[in-house]
Amino acid sequence: MGANSSSISELPENEYLQKLSGSESISENDPFWNQLLSFSFTTPTNSADLKLLEEATISVCKSLVEKNPRTGNLGSLIKVFLSRTKELKISAECQNHLFIWQAHNALFIICCLLKVFISRMSEEELQLHFTYEEKAGPKILCYVSFLGTECEDLIEELLCCLIQLIVEIPLLDITYSISLEAVTTLIVFLSCQLFHKEILRESIIHRYLMHGRCLPYTSRLVKTLLYNFIRQERSPPPGTHVFQQQTDGGGLLYGIASGVATGLWTVFTLGGVGSKASAQLEQCSPLASQSLLLLLVLANLTDAPDIPNPYRQAIMSFKNTQDNTAFSSSNPHAFQINFNSLYTALCEQQKSDQATLLLYMLLHQNSNMRTYVLARTDIENLVLPILEILYHVEERNSHHVYMALIILLILTEDDGFNRSIHEVILKNITWYAERVLTEISLGSLLILVVIRTIQYNMTRTRDKYLHTNCLAALANMSAQFRSLHQYAAQRIISKNKKGNKICIMYTMTFLHNPKVFHAVAFKLLSSCSQALHIITSGNCNEGGDFRFETEPAKQEGY
């Protein structure tokens, strides 16, 4: 890098990078750092360029991994970054572009190096690389013990500095990139899980984040990450940075680290592949996307042996800004946030499976948020995007579909929700292609989409848990069926594929008699559940047909 670098292809031969990864020890006060951090080159905008960047820098990173125990240059670089962040807030207020630019570049290099270090060694080995530093003579190792330290613990100091940067530096055009890089560097730190088959229960990084200097920032970090998601701030346009940036994307570091974040998200969702829409959202607001990823990873860290995950506690307990009740003394990480803004963001971002997972977590774990959502009079703004996910089930990964379905299941557990959705009338649902729906209630549309999901499962995935949850949602709603759309009623009691017609003669009667409809619907759902169980278990006829016996309803009983 350095002032002479202008493209990725020049990086392997760059004299400053060669010196950083060479055999010479560089003091943190050496003028070399000003030269190294004064770089600017065209940022990669596609996967091919990102691969070129990794290939161009891998030799430098490997060399530093080999020689850092003797030189301690990684520790010197981190100390340079830490020293520059001390004045970062003042620099932002004074519009000191140059100072912020060099701090950004230092963090960029650290993040690139960390990605390689973490992929090639254990956390214990990584910790050792942070503890090589210069004494009165040659470089020696300063051992860090759990009971005390002979020298400053750079990992904890760096983690704490990144968190302080995120929560304290105001988000301006000139600070957007360094805020993004701070978030992404934390994601890279947590990517150690990518290289372990088993869940990390005794992680060094996790311990630093849940104890000591980082712990007091828990609620502020969670709140800031949530507000980053809510605001969906776009990357500032070209010309607002000292370093070059040709697109309105997230810049070079976002491109490099998005690979790590995608990999971490893949592990987090048990191998599911993200949708194309998610990638588009990330390009619109990289800081919001990365903040959401970091929030989800933090919230799902394994509990420490001595204390529960404080980030999960913060997510479970935050309240609305309009809630004046006192906080519980049992949870020191509680805070307040604007529920209306959060609700709006959740409604708008459901094309992203990360946002859907956040919605699920909040409804499942935060009783304050669940109560607020169920009390909204515009619940259709939240339910419609969820239904659209289920409708386009073939375009979504299985985890996204499951989360959307579980959200519906949580909502339908509330009788008030089940009543209110039949009072919300929708006009012209353009994405529903099977039939023109010029006017339909939200409840009827929900029934149609869930039944369609059941059909898709019958013919494609044959997942017994999926159809069980679909039927559970219908069963939850059945007691509150009101003024159903004729097409929805027909779909509930229509004939199965190549099967027998079930009570189709009673369709019009049921439309005007909810009590009768409930009784028959419950029986139909029981029968359908048996049939679907046979299908998903593979116990069907050779031609794919299935049959089940159901006793016809006695006319005098209705």
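Source: prediction; values computed, not measured.

The rules we used
- Residues numbered from 1 in each chain as written.
- Predicted model: local features only at pLDDT ≥ 70, side-chain atom pairs only at ≥ 80, totals over all residues.
- Heavy atoms only, no water.
- Helix = DSSP H or I, 4+ residues; strand = E, 2+ residues; numbered from the N terminus.
- Areas by Shrake-Rupley, 256 points an atom, 1.4 Å probe, with all protein chains shown as cover.
- Buried < 20%, exposed > 50% of the residue type's maximum accessible area, 1.4 Å probe, protein only.
- Contact = heavy atoms within 4.5 Å.
- Polar contact = N/O pair within 3.5 Å; in protein donor to acceptor, adjacent residues only side chain to side chain.
- Core = buried A, V, L, I, M, F, W, Y, C linked by side-chain atoms within 4.5 Å.
- pLDDT = per-residue confidence, 0-100.
- Phe/Tyr/Trp six-rings, centres within 6.5 Å; stacked < 30°, edge-to-face > 60°.
- Lys NZ or Arg CZ within 6 Å of the ring centre and 35° of its normal.
- Expected span 1.5 Å × (residues − 1).
- Axes fitted to C-alpha atoms, helices over the stretch in contact; angles between N-to-C directions.
- Parallel < 35°, antiparallel > 145°, perpendicular 65-115°, else oblique.
- Left-handed = near helix turned anticlockwise from the far one by under 90°.
- Nonpolar A, V, L, I, M, F, W, Y, C, P; charged D, E, K, R; others polar.
- Salt bridge = Lys/Arg side-chain N within 4 Å of Asp/Glu carboxyl O.
- Disulfide = S-S within 2.5 Å.

**Let's talk about the overall build of the protein chain**
Each helix and strand in the protein chain was counted, giving 26 helices and 6 strands. Carbon and sulfur atoms make up 50% of the accessible area of the protein chain, which amounts to about 25,000 Å² in all.

**Overview of helix α16 (residues 339-348)**
Turning to α16, its buried residues number three or more, namely Phe 339, Leu 342, Tyr 343, Ala 345, Leu 346 and Cys 347. Where α16 is buried, its residues meet α11 (218-231), β3 (319-320), β4 (336-337), α17 (353-365), α18 (367-375) and α19 (380-391). Between a side-chain oxygen at the N-terminus of α16 and the backbone nitrogen of Asn 340 the separation is 3.0 Å; the capping residue is Asn 338.

**Re the side chain of Ser 179**
With respect to the helices and strands, Ser 179 occurs in helix α9 (residues 176-190). Looking at Ser 179, the relative accessible area reads 7%, which means it is buried. A polar contact of 2.9 Å, which involves the side chain of Ser 179, links it to the backbone oxygen of Thr 175. If near-sequence neighbours (up to four positions away) are discounted, Ser 179 is found in contact with Leu 165, Leu 171 and Leu 287.

**So, the nonpolar core**
Counting 162 residues, the largest nonpolar core has Phe 81, Phe 130 and Leu 445 as its most contacted members. Of the residues forming this core, the biggest block, 14 residues, is contributed by helix α6 (residues 97-120). Excluding residues that lie within four positions of it along the chain, Phe 130 makes contacts with Leu 74, Ile 78, Leu 114, Leu 154, Ile 155, Leu 158 and Phe 189.

**Here we look at the confidence of the model for the protein chain**
With 73% of its residues at a pLDDT of 70 or more, the protein chain shows a mean pLDDT of 78. Note that pLDDT drops below 50 for residues 135-151; the model gives that stretch 24 contacts with residues more than four away or on any other chain. Overall, residues 495-511 carries pLDDT values under 50, and its contacts beyond four positions in sequence, including any with other chains, amount to 34 contacts.

**Quick word on the packing of aromatic side chains**
The full count for this structure, using the stated rule, is 9 aromatic pairs. When the centroid spacing of 6.3 Å and the interplanar angle of 75 degrees are considered together, the rings of Tyr 343 and Tyr 372 count as edge-to-face. Placement of the pair is Tyr 343 in helix α16 and Tyr 372 in helix α18, with a sequence separation of 29 residues. By relative accessible area, Tyr 343 is classed as buried at 2%. By relative accessible area, which is 19% here, Tyr 372 ends up buried. Members of the aromatic cluster, connected to one another through ring pairs, are Phe 318, Phe 335, Phe 339, Tyr 343 and Tyr 372. Here the basic side chain of Arg 207 rests over the ring of Tyr 208, its NZ or CZ set 5.7 Å away from the ring centre.

**Some details on α17**
Note on helix geometry: an α-helix contains 3.6 residues per turn, so any two residues three or four positions apart are oriented the same way. In this model, α17 (13 residues) spans 18 Å end to end at C-alpha, consistent with the 18 Å of a helix rising 1.5 Å per residue. Burial runs high along α17: 10 of the 13 residues are buried. For α17, every residue scored as buried is listed here: Asp 353, Gln 354, Ala 355, Thr 356, Leu 357, Leu 358, Leu 359, Met 361, Leu 362 and Leu 363.

**Section: unusual backbone geometry**
Positive phi outside glycine occurs at Asn 428, with the angle close to 50 degrees. With phi around 45 degrees, Ser 483 is a residue other than glycine that occupies positive phi space. Checked against the element boundaries, Ser 483 lands in the loop between α23 (464-478) and α24 (486-492).

**Re the packing of α19 against helix α22 (residues 442-461)**
Axis separation between α19 and α22 bottoms out at 9 Å; the angle between their running directions is 20 degrees. With respect to their mutual orientation, α19 and α22 come out roughly parallel. Between α19 and α22 lies a crossing of left-handed hand. Contact with α19, carried on its side by Glu 380, Val 383, Leu 384, Leu 387, Leu 390 and Tyr 391, involves Leu 442, Leu 445, Leu 446, Val 449, Arg 452 and Thr 453 of α22 and no other residues of that element. Split by residue class, the contact of α19 with α22 holds 9 nonpolar, 1 polar and 2 charged.

**As for the side chain of Arg 376**
Its place among the elements puts Arg 376 in the loop between α18 and α19. At a separation of 2.9 Å, a polar atom in the side chain of Arg 376 contacts the side chain of Asn 340. Excluding its chain neighbours within four sequence positions, the residues that come into contact with Arg 376 are Asn 340 and Tyr 343.

**Quick look at the pattern of salt bridges**
One pass over the full model with this rule turns up 5 salt bridges. Across the pair Arg 312 and Asp 303 runs a salt bridge whose closest N-O atoms are separated by 2.8 Å. Its relative accessible area of 36% is what places Asp 303 among the partly exposed residues. Residue Glu 434 pairs with Arg 452 through a salt bridge whose shortest N-O separation is 2.7 Å. Of this pair, Glu 434 sits in the loop between β5 (425-427) and β6 (439-441) while Arg 452 sits in helix α22; the two residues are 18 residues apart in sequence, bridging distant segments of the chain. Exposure remark for Glu 434: the relative accessible area of 43% places this residue in the partly exposed category.

**What about the environment of Gly 212?**
Mapped onto the fold, Gly 212 is located in the loop between α10 (204-210) and α11. Under the relative-accessibility criterion, Gly 212 is labelled partly exposed at 49%. In this structure, the C-alpha to C-alpha distance between Gly 212 and Glu 156, residues 56 residues apart in sequence, is 8.6 Å.

**Some remarks on the state of the cysteines**
Under the counting rule described, the total for this entry stands at 0 disulfides. For Cys 111, which is in no disulfide, the shortest distance to another cysteine sulfur is to Cys 112 and amounts to 6.1 Å. On the basis of relative accessible area, Cys 111 is assigned to the buried category, the value being 2%.

**Quick word on the packing of α19 against helix α20 (residues 398-411)**
With their axes 9 Å apart at the nearest point, α19 and α20 run at an angle of 135 degrees to one another. Classed by the angle they form, the pair α19 and α20 counts as oblique. Remark: the crossing between α19 and α20 carries left-handed chirality. Contacts from Val 383, Ile 386, Leu 387, Ile 389 and Leu 390 in α19 reach His 400, Val 401, Ala 404, Leu 405, Ile 407, Leu 408 and Leu 411 in α20. Partitioning the contact of α19 with α20 into residue classes produces 11 nonpolar, 1 polar and no charged.

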